[in-house]
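Report on the structure
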Amino acid sequence: MRFLDFSSWQGVLSTLGGLLLVTLIGMGIRILMMLTIQQRQQRMNRQINERLRVLIAAYKTLGGSFTGSLTVDPTHLRDLKARLEAEGAETSVVASAAARQERSRAIRDAVEAALSDIILLGTEDQVRLAASAARDMAEGRPVPTAELVVSLRDYIRKALDLEPVPEGVGIPSQGPTRPAASGGRSGRSGERAGGSGGGGGAGGAGLAAGGGMGMGMGPGLGRRGDEPPGGG
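Keep in mind it's a predicted model, so treat the numbers as computed, not measured.

**As for the nonpolar core**
Leu62, Val111, Leu115, Ile118, Met137, Leu148 and Leu152 are the most contacted members of the largest nonpolar core, which has 18 residues in total. Those elements that place two or more of their residues in this core are helix H1 (9–62), helix H3 (91–121), helix H4 (124–138) and helix H5 (146–159). In terms of residue count, H3 provides more of this core than any other element does, 5 residues in total.

Now the structure itself:
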C-alpha cells in the first residue's frame, strides 16, 4: 500500500497508471494462457477425430461381413498361376481361376491397408493383433479378423461415450467386407453407349458435310445445314 499515493493529483495519476499497467499485464498473461490451452485442446481434438475416423474405416473394412468366408486369403495371383501351371492346368482353367481370384485380391488389398492404419494409430492391444495378422498374411496363412474387430468396436464405442455392447447379444463373428461385384453388364452398356456415341459423331460429320454442300448450292441451304439437329 505504500506505493499508493493520493496526496496530490500527480500521485493519483501515477498510482492509477501503475494499477492500469498491472491490470493490463495480468489480462494479457491470462488471455495468452487461455489461447495456448485452447489451441492445445483443438489440436488434441483434431488428432482424436482423425484417429477415430481412421479406426472406424478400418473397422468397416475388417468387420463388414457376417457371412461367407470370414478370413482373408493371402494368396497372390502370381502364386496361384504358378501353382496351376505347375499342376498342368489348361489355359482356360488358369484364366477362370484368375478371374475368381480378383475378388480375393481386392479384399486382401483393403485389409492390408486397414492393418497398416491400425499399426499406426491403434492401441497397444490393437497394434499387437494387427501385427500378428500382418505376419500371417506375409507368410501365406489365412487371416481371421474377428478378434481385432471386437477390440476396435469396444474402443470406438468407449471413445464415443457409448454404452458397451450387452453381453447377451451374441454378435456373430465378423470378417472383411466383400467388394461390390464389378458390373460386367454395365461395362457392356457403356460399350453400347460408346457405340451409339460414335454413330452420333458420324451423323454429325454427315450433317456438316451436307451443310458444306448446301453452302455451295445456295445461301438458304447453307444456313439450314449449319444448324445443329433439333434447332439447338
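**Section: a nonpolar patch on the surface**
Where nonpolar side chains cluster on the molecular surface, the patch consists of Leu20, Leu24, Met27, Ile31 and Leu35 and spans about 490 Å² of accessible area. Position of Ile31 among the secondary structure elements: in helix H1.

**Points about the layout of surface pockets**
As a volume, the largest pocket reaches approximately 170 Å³. Lining the largest pocket we find Ser69, Thr71, Val72, Asp73, Arg103, Ser104, Ile107, Arg108, Pro176 and Arg178. When contributions to the lining of the largest pocket are tallied by element, the ones reaching two or more residues are strand E1 (71–72) and H3. Of the residues in the lining of the largest pocket, the class split is 3 nonpolar, 3 polar and 4 charged.

**Things to note about the packing of H1 against H5**
Contact geometry for H1 and H5: axes closest at 10 Å, N-to-C directions at 145°. The chirality of how H1 crosses H5 is left-handed. Contact residues: Arg51, Leu52, Leu55, Ile56, Ala58, Tyr59 and Leu62 in H1; Leu148, Val149, Leu152, Arg153, Tyr155, Ile156 and Ala159 in H5. Each residue belonging to the contact of H1 with H5 can be placed in one class, and the counts come to 12 nonpolar, no polar and 2 charged.

**Some points on the environment of Ser104**
The topology assignment puts Ser104 in helix H3. Between the C-alpha atom of Ser104 and that of Arg178, which follows or precedes it by 74 residues, the distance is 8.6 Å.

**Notes on H4**
Taking 1.5 Å of rise per residue, the 15 residues of H4 would be expected to cover 21 Å, and the 21 Å separating its terminal C-alpha atoms lies within 8% of that figure. Residue Gly140 follows H4 closely and has a positive phi angle near 85°.

**Brief notes about the UniProt feature "transmembrane region" (unreviewed entry) in the chain**
In this numbering, the UniProt entry assigns the feature "transmembrane region" (unreviewed entry) to residues 12–37. Counted over residues 12–37, helix gives 100% and strand 0%. Its end C-alpha atoms are 37 Å apart.

**Brief notes about the pattern of salt bridges**
Between side chains of opposite charge, a pair can form when the charged atoms approach closely. Summed over all chains, the structure comprises 6 salt bridges. In this structure, the salt-bridge partner of Arg53 is Glu50, at a minimum N-O distance of 2.5 Å. One end of the pair is Arg53 and the other is Glu50, both in helix H1 and 3 residues apart, which spans about a single turn. Judged by relative accessible area, Glu50 falls into the partly exposed class, the value being 37%. As a salt-bridge pair, Asp109 and Arg108 come within 3.6 Å of each other at their nearest N and O atoms. Of the residues examined, Asp109 reaches a relative accessible area of 33% and is grouped as partly exposed. Judged by its relative accessible area of 4%, Arg108 is buried.

**Things to note about H1**
Between its first and last C-alpha, H1 extends 78 Å over 54 residues, near the 80 Å set by a 1.5 Å rise per residue. Listing the buried residues of H1 in full gives Gly11, Thr15, Leu52, Val54, Leu55, Ala58 and Leu62.

**Considerations on the packing of H4 against H5**
The contact between H4 and H5 brings their axes to 10 Å, and the two run at 160°. Comparing the axis directions of H4 and H5 gives the class roughly antiparallel. Like other packed secondary-structure pairs, H4 and H5 cross with a definite hand, here left-handed. For the pair H4 and H5, contact is made by Asp125, Gln126, Leu129 and Ala130 and by Glu147, Leu148, Ser151, Leu152 and Tyr155, respectively.

**Section: the confidence of the model for the chain**
With 64% of its residues at a pLDDT of at least 70, the chain reaches an overall mean of 75. Contacts for the low-pLDDT stretch residues 183–232, under 50 throughout, to residues beyond four places or in other chains number 9 contacts.

Definitions and limits used
- Residues numbered from 1 in each chain as written.
- Predicted model: local features only at pLDDT ≥ 70, side-chain atom pairs only at ≥ 80, totals over all residues.
- Heavy atoms only, no water.
- Core = buried A, V, L, I, M, F, W, Y, C linked by side-chain atoms within 4.5 Å.
- Buried < 20%, exposed > 50% of the residue type's maximum accessible area, 1.4 Å probe, protein only.
- Helix = DSSP H or I, 4+ residues; strand = E, 2+ residues; numbered from the N terminus.
- Patch = residues over 30% accessible without salt bridge, like charges linked within 9 Å, V, L, I, M, F, W, Y side chains within 5 Å.
- Areas by Shrake-Rupley, 256 points an atom, 1.4 Å probe, with all protein chains shown as cover.
- Salt bridge = Lys/Arg side-chain N within 4 Å of Asp/Glu carboxyl O.
- 1 Å grid on protein atoms, 1.4 Å probe; cavity = no way out; pocket = protein on both sides within 12 Å on 5 of 7 lines; lining within 4 Å.
- Points joined across faces, edges and corners; volume = space filled by probe spheres on them.
- Nonpolar A, V, L, I, M, F, W, Y, C, P; charged D, E, K, R; others polar.
- Axes fitted to C-alpha atoms, helices over the stretch in contact; angles between N-to-C directions.
- Left-handed = near helix turned anticlockwise from the far one by under 90°.
- Contact = heavy atoms within 4.5 Å.
- Expected span 1.5 Å × (residues − 1).
- UniProt positions renumbered as here; feature names shortened; annotations may be inferred.
- Parallel < 35°, antiparallel > 145°, perpendicular 65-115°, else oblique.
- pLDDT = per-residue confidence, 0-100.

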